[in-house]
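# Observations on chain architecture
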Amino acid sequence: MTATPTVPARAAAAAGLVITALVIVYVVWGSTYLAIRVVVEEAPPLTGMGARYLVAAVLLGLLLALLGRGQGGWRRLLVTRRQLLGCATLGLLLPVLGNGLVSVGEDEGAPSGVTALLIAIAPLVIAVLRFSAGDRPRPLSVLGIVLGMAGLCYLVLAGRAGAADEHVPFFAACIVLFASMCWAFGSWVQPKLPLPEDAFVMTVHEMWTGGAILLVAGLVRGERPDPFSYSADTWLAWGYLVVFGSMVAFSAYVWLLGNAPISLVATYAYVNPVVAVVLGYLILDEPVTGAILVGGAVIVVAVAIVITAERVRTPTEANA
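Read on for an overview of the structure. (Residues numbered from 1 in each chain as written. Predicted model: local features only at pLDDT ≥ 70, side-chain atom pairs only at ≥ 80, totals over all residues. Heavy atoms only, no water.)

Attention shifts here to the nonpolar core. Grouped together as the largest cluster of nonpolar side chains are 72 residues, with contacts concentrated most on W29, Y253, L256 and Y268. By residue number, the principal contributor to this core is helix α9 (residues 232–259), which donates 12 residues. Here Y268 is in contact with V25, Y26, W29, W183, Y253 and P273, once residues within four sequence places are set aside. One finds I119, A172, A173 and V176 within the second-largest nonpolar core, a separate group that totals eight residues. (Core = buried A, V, L, I, M, F, W, Y, C linked by side-chain atoms within 4.5 Å. Buried < 20%, exposed > 50% of the residue type's maximum accessible area, 1.4 Å probe, protein only. Helix = DSSP H or I, 4+ residues; strand = E, 2+ residues; numbered from the N terminus. Contact = heavy atoms within 4.5 Å.)

This is how it looks when you write it as structure tokens:
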């Protein structure tokens, strides 16, 4: 009898953690649009992002070791060979082929609005992967995904109506499209890989392996970083990406992939561009057009639909 009240409390705590992690991914990753824009102006894309993930992995690993002194300290970070291979696979799919190739695509001339649109196909790719694997998303989830995509298309395309004559390099667009597919596949396949149970330990190994690959790929590509020539704004933006974009938001995203429905987690692809627009208005004094207001409203409704369909269910609901 005494155990009865504790079940809803634990369920509420789990739901609260999911909501908190979603808000972090929504807001922080939306704000990284501004930070990446500043960094890439002076730093090469692959080595810049590679250093970001490597430093974030070292700092997060150090933090976990210090906080886990009573639980073995550094031994908390030990993983098996199979688990390390699983983390490296995610490091290749997410930080390297996902984030790294997006940076290359923008460096090759893909406009930021078109890039955001192509990245936002990730939820649709995930839905296709779920169908192909025999997993049937709820009809409301499919409706929310399609509605969110429509809202983002309207936001980006209508918002860029005045720049319709801007040339979009086909090769750059293909790079970004492929990057979005890789990110979607990595997000979908994560629960199927042999990974550490501790999401933060998993994040450490995922980031350092991905960061190392990015650095090597950047040097092979011919990038020659010159950190002593970077301005204070570049370093400030890069530091923000390390601490908030990688250590905080990336850890939250990895945790969400293992603790929340994938359709719910994928809503970040619709919300991030809206957050970026709002921050651009507040920080850079960028105009907010009617297309942004209409598209943003449609996106908010779509996210609400997906959250309703894929909400975290309590044990009572699950057994009903």
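As a further point, take the packing of helix α2 (residues 45–67) against helix α3 (residues 81–107). Packed helices, taken two at a time, are described by the angle between their axes plus the distance between the axes. Where α2 contacts α3, the axes come no closer than 9 Å and their chain directions differ by 145 degrees. Relative to α3, the crossing made by α2 is right-handed. Of the residues in α3, those touching α2 at P45, L46, M49, R52 and Y53 are P95, N99, G100, S103, V104 and D107. Across the contact of α2 with α3, the residue classes tally to six nonpolar, three polar and two charged. (Axes fitted to C-alpha atoms, helices over the stretch in contact; angles between N-to-C directions. Left-handed = near helix turned anticlockwise from the far one by under 90°. Nonpolar A, V, L, I, M, F, W, Y, C, P; charged D, E, K, R; others polar.)

The subject of this paragraph is the environment of G148. Positionally, G148 belongs in helix α6 (residues 139–159). Residue class for G148 comes out buried when judged on its relative accessible area of 0%. Excluding anything up to four places from it in sequence, G148 contacts Y270, I299 and A302.

Here the focus is the packing of aromatic side chains. The tally for this structure, following the rule as stated, stands at 12 aromatic pairs. Ring centres 5.0 Å apart and planes at 45 degrees place the aromatic pair W29 and Y253 in the tilted group. One end of the pair, W29, is in helix α1 (residues 6–40); the other, Y253, is in helix α9, with 224 residues separating them in the sequence. Measuring from ring centre to ring centre gives 5.4 Å for Y253 and Y268, while their planes differ by 75 degrees; the resulting arrangement is edge-to-face. A residue pair is termed long-range when its members are at least 10 positions apart, and Y253 in helix α9 and Y268 in helix α11 (residues 268–284) qualify at 15 residues. Here the aromatic cluster, defined as three or more aromatic residues joined through ring pairs, consists of W29, Y53, W183, F250, Y253 and Y268. Across from the ring centre of Y53, 4.8 Å away, lies the NZ or CZ of R52, which sits over that ring. Geometry around W188 places K192 over its ring, the cationic atom sitting 4.2 Å from the centre. (Phe/Tyr/Trp six-rings, centres within 6.5 Å; stacked < 30°, edge-to-face > 60°. Lys NZ or Arg CZ within 6 Å of the ring centre and 35° of its normal.)

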